[in-house]
Amino acid sequence: MKLPFALAVVTATWLAAPALAQTMPPPAISVTGEANVSVAPDQAQIDGGVTSDAKTAREASDANNAAMGKVLLALKGAGIEEKDYQTSRLSLQPQFATPSKAAERAPGIVSFRASNRVTVKIRDVTKVANIIDVLVGAGANDIGGINFTVTQASKHLDEAREKAISDARRKAEIYAKAAGVTLGEPISISEEGAPVPVFRGKVASPMAAGAPVAQGEETLSVTVSVSWAIKPKE
């Protein structure tokens, strides 16, 4: 009775061996390829603000609204479309007596400060310095930083992807030659992480009218992982 059972176990093991062999991954070389593409930004964004002080909240608010109205009209006069500028971060804050003044008057609110900011999108980076002058000339007394961006980043990233694959093949061929094998077709290709700019040109804030503006270049980086099939060298 024991012999048929033992024979069945051996037969099952023998039948499983080919299936196990089929699941083994083929010989391969796995490497990563990297590529960077430097691109000049073609769009900029400026953040500017207007701050107004007055004895009452209404006076501060009215003065600030009037000042911001002049800034918006100046932007429109400079050829900036309404869709490319937007006000934000409107605030009205009481100003309290400082310790040095507290001895002269009762502590409390001495004035009010109203502020409003506008974000401007500039589609022609050559006009950045001119728009800063427009903002300051119209009454903006707080110019923030400038962010430069590349609007067609995906097009340039495709170029970086092609270069990354070429870099991966170059590395794989080096390993194949050193190991005495021949490089075959790619088995798998994957992009590591989300391709993002590794540098973005930026001018620190605050800024003044007439300040030099250098847009620099934005570097787009791509990394790919590639597995290449290998076979004995002929």
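What counts, and where the lines are drawn
Residues numbered from 1 in each chain as written. Predicted model: local features only at pLDDT ≥ 70, side-chain atom pairs only at ≥ 80, totals over all residues. Heavy atoms only, no water. Helix = DSSP H or I, 4+ residues; strand = E, 2+ residues; numbered from the N terminus. Buried < 20%, exposed > 50% of the residue type's maximum accessible area, 1.4 Å probe, protein only. Contact = heavy atoms within 4.5 Å. Areas by Shrake-Rupley, 256 points an atom, 1.4 Å probe, with all protein chains shown as cover. Expected span 1.5 Å × (residues − 1). Arc of directions from axis to C-beta.

S.K.: Please set out the overall build of the protein residue by residue, giving values where relevant.
M.R.: Across its full length, the protein holds five helices and nine strands. Counting from the amino terminus, the protein carries its helices and strands in the arrangement α-β-β-α-β-α-β-α-β-α-β-β-β-β. Out of the 234 residues in the protein, the part that is buried amounts to 31%. If you take every contact in the protein between residues at least 6 apart in sequence, the share linking residues at least 24 apart comes to 82%. With the model as given, the accessible surface of the protein reaches about 14,600 Å², and the carbon-plus-sulfur share is 57%.

S.K.: Which residues make up helix H2 (residues 57-77), and what are the values?
M.R.: Taking 1.5 Å of rise per residue, the 21 residues of H2 would be expected to cover 30 Å, and the 30 Å separating its terminal C-alpha atoms lies within 8% of that figure. Buried within H2 we find Ala 60, Asn 64, Ala 67, Met 68, Val 71 and Leu 75. Down the axis of H2, the buried side of the element spans an arc of 100°, and every buried residue falls inside it. With respect to the buried face of H2, the exposed residues turned more than 90 degrees away are Arg 58, Lys 70, Leu 73 and Gly 77. On the buried face of H2, the contacting elements are strand E2 (43-54), strand E3 (85-96), strand E4 (109-122) and helix H4 (128-138). A positive phi of about 95° marks Gly 79, the residue just after H2.

Keep in mind these numbers describe shape, not what the thing actually does.
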